[in-house]
Amino acid sequence: MLNTKKYDYLVVGAGPYGAIFAHEAAKLGKRVLVIEKREHVGGNMYTHVEHGVTVHDYGAHIFHTDNQEIWDYVQQFATFNGFQNQVMANYEGEMYNLPFNMNTFYEMWGTKTPAEAQAKIAEQREAALGQLGNRAPRNLEEQAISLIGTDIYQKLVKGYTEKQWGRKATDLPAFIIKRLPVRFIYNNNYFNHRYQGIPIGGYTQIFDQLLDNPLIDVQTGVDFFNDRDAYLAEFPRIIYTGMIDKFFDYQYGELGYRSLKFEKEVLNTNNYQGNAVINYTDAKTPYTRVMEWKHFDGASDEGVSVVTREYPQTWDRDKEAYYPINDETNMAIYKQYAALARQHQNQVVFGGRLGQYRYYDMDQVFHAALTLVRQEFNLPTDYVFTEKKG
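Here the structure is a predicted model, which is why all the values come from computation and not from measurement.

J.: What should I look at first to understand helix α11 (residues 328-343) in this one?
T.: Owing to its 3.6 residues per turn, the α-helix aligns residues three or four sequence positions apart on the same side. Under the 1.5 Å per step criterion, the end-to-end length of α11 is 23 Å for 16 residues, consistent within 8% with the ideal 22 Å. Along α11, the residues classified as buried are Asn330, Ile333, Tyr334, Tyr337, Ala338, Leu340 and Ala341. Buried residues of α11, seen end-on, are gathered within an arc of 160° and therefore sit on one face of the element. Looking at α11, the residues exposed on the side facing more than 90 degrees away from the buried face are Glu328, Lys335, Arg342 and Gln343.

What follows is the structure, given as structure tokens:
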């Protein structure tokens, strides 16, 4: 017997989608059981503190949004520090600012004005388009060069992209890069969103508060698939945030995912690389980026720094699926699974990055979860989730 307390809902996965739903359902008087395969809550947003440093266990997570409702919502659970991600790129020892902006162009070509930079990019784009003739780009390499020119592509796009996807840029479809944002101003802020930051003390506190309700029980280290049939038989309503293809026993085949490996190192130094995030855009360096966590919030014990190197990996069933490969082949398979999911919609809701097989930023996951809450409980569109203080 798994539904021992007459739970109204089973939530599979204690990441943002599942935790937010559980929190809001409990506020409305519903009893919820949350199960999580990992030994902790928070999903990929999980953080911990060591040597006075807040470490993001699954890669850098900077919260950024233009959505006022989402910003107000997340701030109920933590105070944010206003951190802006200003990424550096290391290409074979050459350093460049990201995203592509006037600092990048000066470092690349010595151009000092927007007109000079625009002329340089236009010159390289025209050369690339001339080589294509009248035909459209056939792969990611041709697409990227036609958008940004050869120099930036070769040094800042090609190697990084090939490591991310595990395939040559000439073998990747052109539609992966629909546009490459270019700023003709001296501005290194990676995101354009109005609200940006990292919670002081990390993200885990957010999930601890979301799930702190007498109507919510949380079980970590529990794999849904060990008792899948029993859960389906005993729970009237299930919010499932795992892989949709695995839920259906891969009956239409595996969907494509990319996995990641994180290698953490504690160093006896106050400052290892001088920046929060440095991308390694050459093909030879096996990792894509290095995060030095103390630069996200300035907190650390004296003489210590913690860094994490991020390695892309080919996914298999023994690895974590981090993000979907939304190419035409996989989307065709996903449509078959989505049709199966609709047949189960009276009992099971598929949500989140893996359940809906789409890439979500954090604010988008929060929005999707609150949208589900409104739909599930027939709440008006102007329903306010934020609790007023005082």
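J.: Can you help me understand the packing of aromatic side chains in this one?
T.: A ring pair, where both rings are aromatic, is described by two values, the distance of the centres and the angle of the planes. Applying the stated criterion to the full structure yields 39 aromatic pairs. An angle of 85° between the planes, with centres 6.5 Å apart, marks the rings of Trp165 and Tyr323 as edge-to-face. Highlighted residues: Trp165 in helix α6 (residues 150-165) and Tyr323 in strand β15 (residues 323-324), separated in sequence by 158 residues. Residue Trp165 is classed as buried on the basis of its relative accessible area, which comes to 17%. Using a relative accessible area of 14% as the deciding quantity, one classes Tyr323 as buried. Clustering of aromatic rings is evident, with ring pairs tying together Tyr7, Phe224, Phe225, Tyr231, Phe235, Tyr240, Phe247, Phe248, Tyr252, Tyr337 and Phe350. The ring of Phe247 has Arg228 lying over it, and the distance from NZ or CZ to the ring centre is 4.8 Å.

J.: Is there a simple way to explain the nonpolar core in this structure?
T.: What tends to happen in soluble globular proteins is that the nonpolar side chains get buried as a cluster. One finds Leu10, Phe21, Phe63, Phe100, Ile206 and Phe296 to be the most contacted residues of the largest nonpolar core, which totals 113 residues. Here the element with the most residues in this core is helix α13 (residues 362-376); it accounts for 8 residues. Ignoring sequence-local partners within four residues, the contact set of Phe296 consists of Ala60, Ile62, Asn81, Phe83, Ile198, Ala276, Val277 and Met291. Formed by 8 residues, the second largest nonpolar core is a distinct cluster that contains Met88, Ile278, Tyr280 and Val290.

Parameters and conventions
- Residues numbered from 1 in each chain as written.
- Predicted model: local features only at pLDDT ≥ 70, side-chain atom pairs only at ≥ 80, totals over all residues.
- Heavy atoms only, no water.
- Helix = DSSP H or I, 4+ residues; strand = E, 2+ residues; numbered from the N terminus.
- Expected span 1.5 Å × (residues − 1).
- Buried < 20%, exposed > 50% of the residue type's maximum accessible area, 1.4 Å probe, protein only.
- Arc of directions from axis to C-beta.
- Phe/Tyr/Trp six-rings, centres within 6.5 Å; stacked < 30°, edge-to-face > 60°.
- Lys NZ or Arg CZ within 6 Å of the ring centre and 35° of its normal.
- Core = buried A, V, L, I, M, F, W, Y, C linked by side-chain atoms within 4.5 Å.
- Contact = heavy atoms within 4.5 Å.

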